[in-house]
Amino acid sequence: MAVTDTARLGVIDTHCHLDPKYASKGQPSPAESLARARSVGVVGFVVVGVGERADEARHAVSLAKSEHDVVAAVGVHPHDAKAVDDALFDEIAALCKEERVAAVGEIGLDFHYDWSPRDVQRAVFRRFAQLARALNKPIVIHTREAGQEVLEILEQEGARDVGGVIHCFSEDVPFARRALDLGFDLSFSGIVTFKTAKAVQEAAVFCPRDRLLVETDAPYLAPVPFRGKTCEPAMVVHTARFVAQLRNESEALLAEVTSANARRRFAGLA
Ligand SMILES: [Zn+2]
Ligand SMILES: [Zn+2]
């Protein structure tokens, strides 16, 4: 992969999925992904463990325990909400208590795919939001075509007490304003680099400097110029550069502030 032209910016990827299951599909292993990212100046990783069973969450936690620059976020993605019974909830809840788990998530609503019935998504989202509050850990939000309802549920569940991150931000400035008011930072993925993503780009310019984060959502959503390829955390430096140009800020400043924001939001990031 040609991620070679990068200065060592010191960027933190605040949302990536690194699981051995992807390696079995011909994609890089977690160790390869981490090594390649470190070599281009990625200095921290929030590895997200979700799924219809607890395996990925367990793997994310063990990675966070063995790698000094990794912390985990664990939860149940809205796609898998229908798989949540008391046993799975209890297992994920126990993992959420681990010290190296910095956040609960990704949780939320996805009304684009509707892979789980909407009522089930809502109920599971609320349950995990309540867990996050009980544990006093921030929430990582996934939302697709459900923005207003996600904000309403966060408001009703008192999520302001713990705050969190709107991951893979794909909404607009009015949504950004409400999310920020609720205590949620905005994390921009490769989507912000897409030519058609004007509203997302406006939000990236609007976002206050101390509330801005960058991520890859690897292995999904590779940024320009890698669109269509398997996304890896190393690519976060391209997203950071793009956002810096959008905001008319230096790359060094963008890297510095987003990394400081990430360390403030996710406890345990070195
Ligand atoms: Zn997501
Ligand atoms: Zn994700």
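Overview of the structure. None of these values were measured; they are calculated from a predicted model.

Packed helices, taken two at a time, are described by their axes: the angle between them and the distance between them. Helix α8 (residues 198-206) packs onto helix α7 (residues 173-181) with a crossing angle of 40° between their chain directions and a minimal axis gap of 9 Å. In terms of orientation, α7 and α8 fall into the oblique class. The way α7 lies across α8 gives a crossing that is right-handed. Every residue of α8 that contacts α7 at V173, A176, R177 and L180 is listed here: E202, A203 and F206. Partitioning the contact of α7 with α8 into residue classes produces 5 nonpolar, no polar and 2 charged.

Around the zinc ion (ligand 2), the protein contributes the donor atoms H15 (NE2), H17 (NE2), E106 (OE) and D217 (OD), which lie 2.0 to 2.5 Å from the metal centre. Each donor residue of the zinc ion (ligand 2) lies on the same chain, and together they follow the pattern H-x1-H-x88-E-x110-D. If you look at the zinc ion (ligand 2) and the zinc ion (ligand 1), they sit 3.5 Å from each other and are both ligated by E106. Of this pair, H15 sits in strand β1 (residues 11-16) while D217 sits in the loop between β8 (212-214) and α9 (236-247); the two residues are 202 residues apart in sequence, bridging distant segments of the chain. For the residue pair H15 and D217, the accessibility class agrees, reading buried in each case.

Okay, the sheet that holds strand β5 (residues 139-144) next. In space, the 8 strands of this open sheet follow the order β1-β2-β3-β4-β5-β6-β7-β8, with parallel pairing throughout. Across the chains shown, the open sheet's two edge strands, defined by having one partner strand only, are β1 and β8. Each strand of the sheet is rotated relative to its neighbour by a mean of 25°, with strand direction disregarded. Examined bridge by bridge, β1 and strand β2 (residues 42-49) share 4 bridges and lie parallel to one another. In the strand pairing of β2, V11 is matched with V42. Here helix α3 (residues 55-66) sits on the sheet and contacts β2, β3 (70-74) and β4 (101-110); the angle it forms with β3, its principal contact strand, is near 160°.

Parameters and conventions
- Residues numbered from 1 in each chain as written.
- Chains lettered and ligands numbered in written order.
- Predicted model: local features only at pLDDT ≥ 70, side-chain atom pairs only at ≥ 80, totals over all residues.
- Heavy atoms only, no water.
- Axes fitted to C-alpha atoms, helices over the stretch in contact; angles between N-to-C directions.
- Helix = DSSP H or I, 4+ residues; strand = E, 2+ residues; numbered from the N terminus.
- Parallel < 35°, antiparallel > 145°, perpendicular 65-115°, else oblique.
- Left-handed = near helix turned anticlockwise from the far one by under 90°.
- Contact = heavy atoms within 4.5 Å.
- Nonpolar A, V, L, I, M, F, W, Y, C, P; charged D, E, K, R; others polar.
- Donors = N, O, S within 2.8 Å, 3.2 Å for Na, K, Ca; no water.
- Buried < 20%, exposed > 50% of the residue type's maximum accessible area, 1.4 Å probe, protein only.
- Pairing = 2+ DSSP bridges.

Without other data, these values stay purely geometric and don't point to any function.
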